[in-house]
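Structure assessment
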Amino acid sequence: MNTIELDAPDGTLEAILARPTGSGPWPGVVVIHDAIGFGPDLRANVEMLADYGYLTIAPNLFANGRVRCIRAVMRSLILTGASPAIREILAARDRLVAEPDCTGKTAVIGFCMGGGFALLTAPMGFDASAPFYPGLYGDYRAQLEGACPVVASYAQLDPSLIGAGRKLDRALTELGVEHDIKTYPGTMHGFANVFAIDPVLRVTGLGYDADATRDAWLRIFAFFDRHLTDGAADGSG
């Protein structure tokens, strides 16, 4: 796992790039961090995806300063395709595709804020999208027209996203987009992330849930196996 400079339309930013062991080519995955930014949790997920067999990149959307950037990046969830954050995510995807050991098949994964971006970019040339507890502003159906297949994971006790899983399921069904949407009982927002204060969160019933996290990743890997691996060698599927 290496830190690299990623060229994007609005300037250069930091990114993490991880390669699987052995010889490729491999499908590519872009991982989008949450509002906390880069940290051990993100790096662990990047490493896990590379170990599974994906050429993985995580762009740092807060590369130019977290306090200033978090407002601009969150605003990008409303501006959608007009935002630098979207262009940076697509630049990360293009960097993977340009690698000689990438099959050209790509997916996007995001957490919380990053999950929203994983949905927003689902119609922008990815082969699969896997958002964790994502929110969207406005008309889901209009924003997801032409989306790639989506495997999404929500928390039942998430007060910020009540009914969001049902809303996403309904929009994707109406659009005819293949999807797997699951809301995990008894879990809270951030159930698949491990933060430094997680022991404190667990006392209040919040935070990481190992069983839900394990199941969510099993669903994602099965979904990605179908959409990124099957037929990848001959460019079909």
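Since the model is a prediction, treat every value here as computed from it, not as a measurement.

Definitions and cut-offs
Residues numbered from 1 in each chain as written. Predicted model: local features only at pLDDT ≥ 70, side-chain atom pairs only at ≥ 80, totals over all residues. Heavy atoms only, no water. Helix = DSSP H or I, 4+ residues; strand = E, 2+ residues; numbered from the N terminus. Buried < 20%, exposed > 50% of the residue type's maximum accessible area, 1.4 Å probe, protein only. Areas by Shrake-Rupley, 256 points an atom, 1.4 Å probe, with all protein chains shown as cover. Contact = heavy atoms within 4.5 Å. Pairing = 2+ DSSP bridges. Core = buried A, V, L, I, M, F, W, Y, C linked by side-chain atoms within 4.5 Å. Axes fitted to C-alpha atoms, helices over the stretch in contact; angles between N-to-C directions. Parallel < 35°, antiparallel > 145°, perpendicular 65-115°, else oblique. Left-handed = near helix turned anticlockwise from the far one by under 90°. Polar contact = N/O pair within 3.5 Å; in protein donor to acceptor, adjacent residues only side chain to side chain. Salt bridge = Lys/Arg side-chain N within 4 Å of Asp/Glu carboxyl O.

This part covers the overall build of the protein. The number of helices and strands found in the protein is eight helices and eight strands. For the protein, the residues scored as buried account for 52% of the 237 residues in total. Split by element, the accessible area of the protein, about 10,400 Å² in all, is 54% carbon and sulfur.

For Arg93, the position within the fold is in helix α3 (residues 84-98). Classification of Arg93 by relative accessible area gives buried; the value is 10%. For Arg93, the residues in contact, after removing those within four places along its chain, are Val30, Thr106, Met124, Gly125 and Phe126.

Okay, the pairing of strand β1 (residues 2-8) next. Pairing between β1 and strand β2 (residues 11-18): seven bridges, direction antiparallel. Bridge assignment links Ala8 to a residue of β2, and that residue is Gly11.

Time to look at unusual backbone geometry. Omega for the peptide link from Gly24 to Pro25 comes to 5°, which places this bond in the cis form. If you trace the backbone, Pro25 turns up in the loop between β2 and β3 (26-32). Of note in this structure, Cys112 is not a glycine but carries a positive phi near 55°. Turning to its location among the elements, Cys112 is positioned in the loop between β5 (102-111) and α4 (113-120). A relative accessible area of 27% means that Cys112 is categorised as partly exposed. The backbone phi angle of Tyr133 is positive, close to 35°, even though this residue is not glycine. Counting through the fold element by element, Tyr133 comes out in the loop between β6 (128-132) and α5 (140-143).

Quick look at the pairing of β5 now. In terms of residue burial, β5 counts as a mostly covered element, since eight of its 10 residues are buried. Both β3 and β5 contribute to a ladder of six bridges, which runs parallel. Among the inter-strand pairings, Ile32 is bridged to a residue of β5, identified as Gly110. Judged from the five bridges that link them, β5 and β6 form a sheet pairing that is parallel. Paired with Gly110 across the two strands is Pro131, which belongs to β6.

Time to look at the nonpolar core. Core analysis: the biggest nonpolar cluster contains 75 residues, and Ile109, Phe132 and Phe224 have the highest contact counts within it. Among all residues touching Ile109, those that are not within four sequence positions of it are Val29, Val30, Val31, Ile32, Leu49, Ala118, Ala130, Phe132, Trp217, Ile220 and Phe224.

Two quantities define a packed helix pair, namely the angle between the helix axes and the distance between the axes. It is at 13 Å that the axes of helix α1 (residues 40-52) and helix α8 (residues 210-229) come closest, and there the two elements cross at 45°. When the interaxial angle is binned, α1 and α8 end up oblique. The handedness of the crossing between α1 and α8 comes out as right-handed. Each of Asn45, Met48, Leu49 and Tyr52 in α1 lies in contact with α8, whose residues at this interface are Trp217, Phe221 and Asp225.

This part covers the environment of Asp158. On the secondary structure map, Asp158 appears in the loop between β7 (150-155) and α6 (164-175). Here the alpha-carbon distance between Asp158 and Thr187, two residues 29 residues apart in the chain, equals 7.4 Å. Non-local contacts of Asp158, meaning those with residues more than four positions away in its chain, are made with Tyr133, Thr187, Met188 and His189. Separated by 2.5 Å, the side chains of Asp158 and His189 make a polar contact.

What follows concerns the pattern of salt bridges. Under the definition given, this model contains 10 salt bridges. Across the salt bridge formed by Glu174 and Arg141, the nearest N and O atoms sit 3.3 Å from each other. In this pair, Glu174 sits in helix α6 while Arg141 sits in helix α5, placing the two residues 33 residues apart along the sequence. With a relative accessible area of 46%, Glu174 lands in the partly exposed category. Among the charged side chains, a salt-bridge network with shared partners connects Arg19, Arg95, Glu99 and Asp101.

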